[in-house]
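# Remarks on the overall topology
Residues per chain are reported as follows:
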Amino acid sequence: MNNHMRQSLKNLKGKNLKVNFSLPFFMRENIMIYVLNCGNCFGRETICRANDISNKKNGSGYNMKELKDYVRSIPDFPEPGIIFRDVTSVLQDAEGFKLAIDSMIKLLDGVEFDVIAGAESRGFILGAPIAYAMGKPFVLIRKKGKLPCETIEQTYDLEYGTATIEMHRDSIKPGQKVVLVDDLIATGGTVEAAIKLIEQLGGEVVKVIFMMELAGLNGRAKLANYDVASVITYEGK
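So, here's what we can say about the structure. From a predicted model like this one, the values you see are computed outputs, not experimental measurements.

### Re the pairing of strand β11 (residues 177-185)
The buried fraction of β11 amounts to seven of the nine residues, a majority that puts the element mostly inside the structure. Pairing between strand β7 (residues 115-119) and β11: four bridges, direction parallel. Across the sheet, residue Ala 117 finds its bridge partner in β11, namely Leu 180. Two elements, β11 and strand β12 (residues 204-214), share eight bridges in a ladder whose sense is parallel. Its bridge partner being in β12, Leu 184 is matched across the sheet by Met 212. Handedness of the crossover joining β11 and β12 through helix α6 (residues 189-200) is recorded here as right-handed.

If you want it as structure tokens, here you go:
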């Protein structure tokens with residue numbers, strides 16, 4: 001730590017600040033910079049450790065990007081006036097993918113549950129690593145005709161026509177508490193159908209989480225009786 005930083009700390013009169021000087025020098029210096037510039041640190045006791053900063057360190061410093069910074073927005077797709085929020089730009093970036101999973105796991109703080117379920121196909125991509133990280137089983141909700149054993153099914157409306165999803169009859173046991181995971185909530189039709197399947201099997205949906213939400217499409221209205229959370233909310237469509 002240089003003299004300027006030491007002097008800056010001395011000038012923090014009235015601040016109850018503790019600093020862990022046992023850390024290696026390069027970590028101390030970066031942590032001190034973080035403490036001096038973080039308004040949230042002031043006014044309460046702060047113990048500085050390496051994990052108090054973002055754990056997304058790169059070769060040139062610390063990456064403080066938010067998850068929405070990794071989402072690619074494509075205008076006028078699939079039709080004029082629509083902004084397509086592309087999850088592939090998150091998945092193909094290692095830090096972005098990790099941040100997505102970590103952020104969705106945080107949405108489950110304090111939630112008691114037994115099983116994670118994900119809808120085909122991006123619900124698999126996000127739900128499986130969340131289940132792995134949290135030590136929970138993961139069950140699939142698939143398009144009709146894709147599961148080999150005895151199934152139950154639920155049909156729901158699309159803009160043009162209908163679609164049907166299925167679950168294995170033995171995938172959820174009666175009384176199990178279930179978290180439902182998907183990448184995006186738009187109109188809410190798919191997740192509403194998925195909830196009906198889980199409840200047909202005797203499961204209780206205790207939380208529904210998404211990476212992104214298009215609030216302008218009002219999908220939450222179909223899920224008004226459930227605990228719903230998303231990491232990113234876009235106000236439009």
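Back to the text.
### As for the sheet that holds strand β10 (residues 162-168)
Pairing within the open sheet is mixed, and its seven strands lie in the order β9-β10-β8-β7-β11-β12-β13. Each having just a single partner strand, β9 (151-157) and β13 (228-234) make up the two edges of the open sheet. Taken over all neighbouring pairs, the strand axes of this sheet differ in orientation by 20 degrees on average, direction set aside. Pairing of β12 with β13, which is carried by six bridges, proceeds in the parallel orientation. Following the sheet pairing, Phe 210 is matched in β13 by Ser 230. The sheet contacts of helix α4 (residues 94-106) involve β11, β12 and β13, and relative to β12 the element is tilted by about 140 degrees. Helix α5 (residues 122-134) contacts β7, β8 (138-143), β11 and β12 of the sheet and is inclined by roughly 135 degrees relative to β11.

### What to know about α4
The first and last C-alpha atoms of α4 sit 18 Å apart over 13 residues, in line with the 18 Å expected at 1.5 Å per residue. Within α4 the residues assigned to the buried category are Gly 96, Leu 99, Ala 100, Ile 101, Ser 103 and Met 104. Structurally, α4 contributes buried residues whose contacts are with α3 (88-91), α5, β11, β12 and β13. Backbone nitrogen of Glu 95 and a side-chain oxygen of the N-cap are separated by 3.0 Å at the start of α4; the cap is Asp 93.

### Digging into α6
Over its 12 residues, α6 runs 17 Å from end to end, which matches the ideal 16 Å to within 8%, given 1.5 Å per residue. Among all positions in α6, only Gly 189, Val 191, Ala 193, Ala 194, Ile 195, Leu 197 and Ile 198 are buried. Residues of α6 that are buried in the fold lie against β7, β8, β9, β10, β11 and β12. Among the residues trailing α6, Gly 202 stands out with phi positive, at a value near 95 degrees.

### Observations concerning the packing of aromatic side chains
Tallied over the full model, the rule gives two aromatic pairs. Between the aromatic rings of Phe 77 and Phe 84, the centroid separation amounts to 5.3 Å while the plane-to-plane angle is 90 degrees, which identifies the pairing as edge-to-face. Overall, Phe 77 belongs to the partly exposed group, its relative accessible area being 42%. Relative to Phe 138, the ring of Phe 124 lies with its centre 6.3 Å away and its plane at 85 degrees, an arrangement referred to as edge-to-face. Of this pair, Phe 124 sits in helix α5 while Phe 138 is found in strand β8, placing the two residues 14 residues apart along the sequence. Of the residues examined, Phe 124 reaches a relative accessible area of 19% and is grouped as buried. The ring of Tyr 70 has Lys 65 sitting right over it, with the charged end atom 4.1 Å from the ring centre. A cation sits over an aromatic face here: Lys 136 above Phe 113, 5.1 Å from the ring centre.

Cut-offs applied
Residues numbered from 1 in each chain as written. Predicted model: local features only at pLDDT ≥ 70, side-chain atom pairs only at ≥ 80, totals over all residues. Heavy atoms only, no water. Buried < 20%, exposed > 50% of the residue type's maximum accessible area, 1.4 Å probe, protein only. Helix = DSSP H or I, 4+ residues; strand = E, 2+ residues; numbered from the N terminus. Pairing = 2+ DSSP bridges. Right-handed = clockwise from strand over helix to strand, strands pointing away. Axes fitted to C-alpha atoms, helices over the stretch in contact; angles between N-to-C directions. Contact = heavy atoms within 4.5 Å. Expected span 1.5 Å × (residues − 1). Polar contact = N/O pair within 3.5 Å; in protein donor to acceptor, adjacent residues only side chain to side chain. Phe/Tyr/Trp six-rings, centres within 6.5 Å; stacked < 30°, edge-to-face > 60°. Lys NZ or Arg CZ within 6 Å of the ring centre and 35° of its normal.

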